[in-house]
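One letter stands for each residue in the lines below.
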Amino acid sequence: MASPTHAPMFSRELGLPGRLAIYGLISLALMLADSRYDALATLRAGVATVLQPVQRGLVWPFGFLGEAGRFFVTHGEVLRENRRLETDRQQLMTRLQGYRNLQAENERLRTLLGLVPPAGTQPMAAEVLRALPDPFARKLLIDRGASHGIEAGRPVVDVDGLLGQVTRVYPASSEVTLLTSREQAAPVQNLRNGLRLIVFGTGADDRLEVRFLDMHADLKAGDMLVTSGLDGVYPAGIPVARVIQIEPPRQTPFARAVCVAAAAIGHYRHLLVLRRTEAAGS
Amino acid sequence: MSQDKPLVPQGPALVAPPPARLVATTLVLGFLCSLLPWPDSVRWLVPDFTLVALLYWNIHAPHIARLGLAFVMGLLVDAAQGTLMGQHALAYVLTAFIALSLRRRLENFEVGGRAIHLAPLFLAEVGLVLLLGLLFNARAIDARYLVSGVSALLVWVPMAYGLDRLIGWSNVMHIEPAEEKK
């Protein structure tokens, strides 16, 4: 008789290939459910809620280490730096005046932006937590979510123009897909003559493009494109891009316009989500 | 069969299976490493630390790092990175399957030998994740992300070297001479 501590001589579980098949099928079913039906939103939201404090905790020591690192410099370095700083100080004092002016101006612009949001919307400031490592689209994770009244599809702007839209909402955070993603598009109007166009992302950092442009269309380098509001997603009048070059048609009957995004994509840590106002929502 | 000539190593020469606590710690550390705020410009270079730890334990602790664990870790990574649920899970399960099938051979190699076996696995895993994304929702992929398969191997080698010493792994058989027992 085998002693009770012995493992059973013949294992009764499924073999490795069998288990692989089961897990593989589950994975494929999950991917299908997630991509076609968006069925796993609650599961995803649950995990995101658990992970968010962890992510915040992981970001924190980097700010702290940056400051602690300065503690461990040698005395000579301190003296040398002190001398250099002394000479720089005069120069900086004059620059500081200009900086203060800019700061005040920035503050004014911010309040201005706060006062005149596009009709039916109400801006909410949000901080970018991190850029998501998605090789397929350009996405940011921001620190405002469903509990702050954010819904999927809401436009996201910065002081200069349109950044993109909220594509996935978690309880306390949400994902923003940038307009520069290859599949993103926004209906726009040429500010100069009202010509209606559609701007697409290119996947590059701040480049947008107008594809399938009529070769006789009245669009010139330097034209400003603002949202037309025709899609019901982006409110009208938000600056989107400035045309920098019109490429004449080559193999296709259409021309193509290369634009640079109006918003400072990838520059600031803060952005604005345009929420529905209470009046428009009810 | 006489007792004085053992065919397999006896007593302290037998390596105990790695403790579950060590396995869990390295897996959690790997997962946290991938959550760190990596700068955007080197994002494509950052290896998949979770998989790096998982592929070590598939070889050395197959009783813990089974297919189910690979699946769960893959789902966690999917949820954390915002990719499709199941995308990393499928890639991890397939990679773990190959590693588990080959583990009897792999566990006798030194770090370098194991790394050479694992190199195509790491690359194939990244390729598979990109391919699955392409199949299911994305229309364009950033092929630079393939480099993370190479950097994963570069992280795996020193980690395996350290963990080998930590769990007392050795591919040298110490068979005690029978005379010493008398």
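Let us look at unusual backbone geometry. For A:F212, which is not glycine, the phi torsion reads 50° and is therefore positive. Tracing the sequence through the fold places A:F212 in strand β8 (residues 207-213).

With 26 residues, helix α5 (residues 111-136) of chain B should cover 38 Å at 1.5 Å per step; its first-to-last C-alpha distance of 36 Å lies within 8% of that length. A maximum bend of about 35° is found in α5(B) at B:L118, where proline B:P120 lies one to four positions downstream. Check the buried side of α5(B) and you find it contacts α1 (16-37) of chain A together with α2 (49-60), α4 (87-106) and α6 (147-167) of chain B.

Residue and element names in this part refer to chain A. Spatially, the six strands close up into a barrel ordered β1-β2-β5-β4-β3-β12, and their pairing is antiparallel. Within this sheet the neighbouring strands show an average axis-to-axis angle of 45°, counted without direction. In this sheet, strand β12 (residues 270-276) lies alongside strand β3 (residues 155-157) in antiparallel orientation, the contact comprising two bridges. Residue pairing in the sheet places V157 in a bridge with L272 of β12.

Okay, helix α1 (residues 20-35) of chain B next. Residue and element names in this part refer to chain B. End to end, α1 covers 23 Å across 16 residues, agreeing with the expected 22 Å (1.5 Å per residue, within 8%). Listing the buried residues of α1 in full gives V23, T26, L27, G30 and F31. The arc enclosing the buried residues of α1, seen along the axis, measures out at 135°, which places them on a common side. Facing away from the buried side of α1 by over 90 degrees, the exposed positions are R21 and T25. The inward-facing, buried residues of α1 abut α2 and α3 (67-81).

Calculation criteria
- Within any chain, residue numbers begin from 1 and follow the written order of that chain's sequence.
- For this description, chains carry letters from A and ligands carry numbers from 1, given in the order in which they are written.
- Selection of residues for local features in this predicted model requires a pLDDT of at least 70, selection of side-chain atom pairs for listing and counting requires 80 or more, and totals for whole chains, interfaces and linings are taken over all residues.
- Counting from the N terminus, the helices are the DSSP runs of H or I reaching at least four residues and the strands are the DSSP runs of E reaching at least two.
- Multiply 1.5 Å by the residue count of a helix minus one, and that product is the helix's expected span.
- Given a residue, its bend is the angle between the two axes fitted to the seven residues that end at it and to the seven that start from it.
- We call two residues in contact when their backbone-placed C-beta atoms lie within 7 Å.
- Think of it this way: DSSP has to see at least two bridges between two strands before they count as a pair.
- Simply put, an axis is a line fit to the C-alpha atoms, just over the touching stretch for a helix, and the angle between two N-to-C directions goes from 0 to 180 degrees.
- Residue burial is a threshold on neighbouring C-beta atoms within 10 Å of the residue's own C-beta, all placed from the backbone, with 20 or more meaning buried, 12 or fewer meaning exposed, and counts in between meaning partly exposed.
- Here the arc refers to the set of directions running from the helix axis out to each C-beta atom.

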